[in-house]
Amino acid sequence: MNVEAKNLTYQPSGTKTPILSGVSYTFSEGCMTALLGPNGSGKTTMLRHFLAQIKSPEGAVLIDGKDSLSYSPKERSRILAWVPQNSSGESAFTVEDVVLMARYPYKGTWDDDSDEDRRIAEEAMETVGVLQFKKRDFTSLSGGERQRALIARALTQTTPWIFLDEPTSNLDVKHQIRIMQVLREKVDAKKTSSIVVMHDFNLVEKYCDKAILLKEGHVVAKGETREVLTPKLLREVYEVDFEVFEKEGQRFFVPKTQD
Amino acid sequence: MKKEPLKTWTLTMAGGILAILLVIVVVWAAAVGSVSVPVSQSARIVISRLPFVNKEKILEGIPRTNKLIIWDIRLPRVLLAGMVGGGLAAAGVVMQALFRNPLADPQVLGISSGAAFGAAVAIAFGISFSVAGISSIWMFAFAGAILTMLLVFRVARIATSRSVTGILLAGIACSSMLTAAITLLMMWNHEKLEQIYLWMLGSFSSATWIKVGFMAIVLVGALACFIVLGRDLDLLSFGDHEAQSMGVSVKRTRTIAVVATSLLVAAGVSVSGIIGFVSLIIPHIMRMLVGPKNRRLIPLSFLGGAIFMIFCDMISRTAVPPNEIAVGALTQVTGAPFFLYLLWKERRKGERE
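The model shown is predicted, which means the values in this text are computed figures rather than measured ones.

**Student:** I keep staring at the interface of chain A and chain B and nothing clicks. Help me out?
**Tutor:** At the junction of the two partners, chain A supplies 41 residues and chain B supplies 24 residues. Taking both partners together, chain A and chain B bury about 2,700 Å²; carbon and sulfur atoms supply 57% of that area. Per-residue buried area on chain A facing chain B is highest for F93, M101 and Y104 of chain A; these three make up 23% of the total on that side. Summed over the shared surface of chain A and chain B, the result is two salt bridges. Here E242 of chain B and R153 of chain A are joined by a salt bridge, their closest N and O atoms 2.7 Å apart. If you look at where chain A meets chain B, you find 11 residue pairs in polar contact (both at pLDDT 80 or more).

This is how it looks when you write it as structure tokens:
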């Protein structure tokens, strides 16, 4: 199943410059793709198109060649899962309740949570390390714990595609690695392809197959991670000089400070 | 997999106990009043109306006046109080889910003020007629509630494409505008001041079987919508975007839920006046008891609201005979301090953690 962005252009009414202009990209299945770019370069706006939260006047998102807006929310949610940067959940649902909500697209109006649903949710909570919190209120979790619970929820949705908006932004180093590892394993097992908005080039270099570099709503570079992550391109996009060290075939990016 | 049989069992128990309690309260409340009727007679009169019951046998020995008082006067009033109380509580649960705000209630949306304004217009201009048992005041109140609701949604949609705060702000604005208009109506029509004021305070004293029937139809329809949408409402508490990403048809869910709540509240307010705090307190208490899942919360809140309202109405008509206390004032007087207590307790809990 292919997911494709076709000529995405987005300009909120009353603004002078578009947030996205003519972005096209075909996401390949069985890949972990990083979506890179400075703040305000259009990464989240691009994700929002995929989730049918906004509509591009000319362009479209195609799922299997069909406009994603022609799918019902339920159909779409069996294909694409989303991990938001922050969740707006405020009710006193337990972590387990929240994770189980992601089984919604597979249920009829009167179906209760089945043993299968519980097993999938339990496994997802286990992989991201929130199983011990499952009876706690979702709202009582810390930022990082919440973020992991949201990842567990997206995994419980068992979709072929998963879109993550800065999934590691609130996590400690151990959990950053754990989450990237989990996503990588899902890709390698050919279960879920992922698209990840990230700012940590070292994690991207280690885990992602492909990368897209956005600047001011345009695609500056796209392709294999190794080709996109170069000091020259990074300088052009981020206006920061990077030094690159190489150890055992992996490159490490360290920003050069001015002084 | 562990299934938590205990929790399901507790919930069924809670529902069962509340349902039994409701039946007891209905029978009891019908027996209590200026003319006291034995509870056993009240129960027999209620039972006699059930299908497959031998009427003559069960009603044997009950004076005709008692039958009249219970069936024609008290029962419609008790049932109407129960349905309005339960309906307002259920509507409160749904509004709080829709607006993701534990303080959202029909008054905030301006629906109650709309009904009050409609009633005030009818009273102030002496519009008095009745069609098939439906009085003009009642009709005007219902129309006022529906028109206000349409106005609020119209404005909110133009302003911010149906966003949550947009609707709340539009509701608050309409509400204060209408309240001011009612005040003006009251000032220009001094002789009608008391009547308008009493209507606004809320009462079930004008209950009839026609009102009961009307309320029952709206109530059953709205509750059915709420229960069907229960899980969608759970997901909506994470916001429209997250709910949609998990498969909820957000626009459809919101539209159905908003229309059903508005009709329910409009029906409730038009037959009884403004009755505050039920839609705030009952859902709050039930949420503490059974958690936030709407499929459980809505039926249990309905039962709780019905019991609470019948009880309040019983006090309102028996506390200071021969006068009545406005039931709306009673729910405010008991509800507001209780609500403050809940907030205070919650805050203490928050501080300890």
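**Student:** For this particular structure, what's the right way to read the environment of E145 of chain A?
**Tutor:** Residue and element names in this part refer to chain A. Take E145: it is sitting in helix α5 (residues 143–156). Separated by 71 residues in sequence, E145 and E216 have C-alpha atoms that sit 32 Å apart. Each residue touching E145, except ones within four places of it in the same chain, is listed here: V130, F133 and R136. Among the polar contacts made by the side chain of E145, one reaches the main-chain amide nitrogen of S142 at a distance of 2.9 Å.

**Student:** Any chance you could explain the pattern of salt bridges here in plain terms?
**Tutor:** If the charged atoms of two oppositely charged side chains come close together, the side chains can form a pair. For the structure on display, the rule yields 20 salt bridges over all chains. One salt bridge connects K107 of chain A with D113 of chain A, and the closest N-O pair in it is separated by 2.4 Å. Comparing K107 of chain A with D113 of chain A, the two get one shared label, buried. A salt bridge links R254 of chain B to D240 of chain B; the shortest N-O distance between them is 2.9 Å. Taken together, the positions of R254 of chain B in helix α12 (residues 250–272) and D240 of chain B in helix α11 (residues 239–245) put the pair 14 residues apart, joining distant regions of the chain. Sharing partners across several salt bridges, the network here consists of E96, E122, K134 and K135 of chain A.

Quick notes on the rules
- Residues numbered from 1 in each chain as written.
- Chains lettered and ligands numbered in written order.
- Predicted model: local features only at pLDDT ≥ 70, side-chain atom pairs only at ≥ 80, totals over all residues.
- Heavy atoms only, no water.
- Contact = heavy atoms within 4.5 Å.
- Buried area = accessible area lost by both parts, 1.4 Å probe.
- Salt bridge = Lys/Arg side-chain N within 4 Å of Asp/Glu carboxyl O.
- Polar contact = N/O pair within 3.5 Å; in protein donor to acceptor, adjacent residues only side chain to side chain.
- Helix = DSSP H or I, 4+ residues; strand = E, 2+ residues; numbered from the N terminus.
- Buried < 20%, exposed > 50% of the residue type's maximum accessible area, 1.4 Å probe, protein only.

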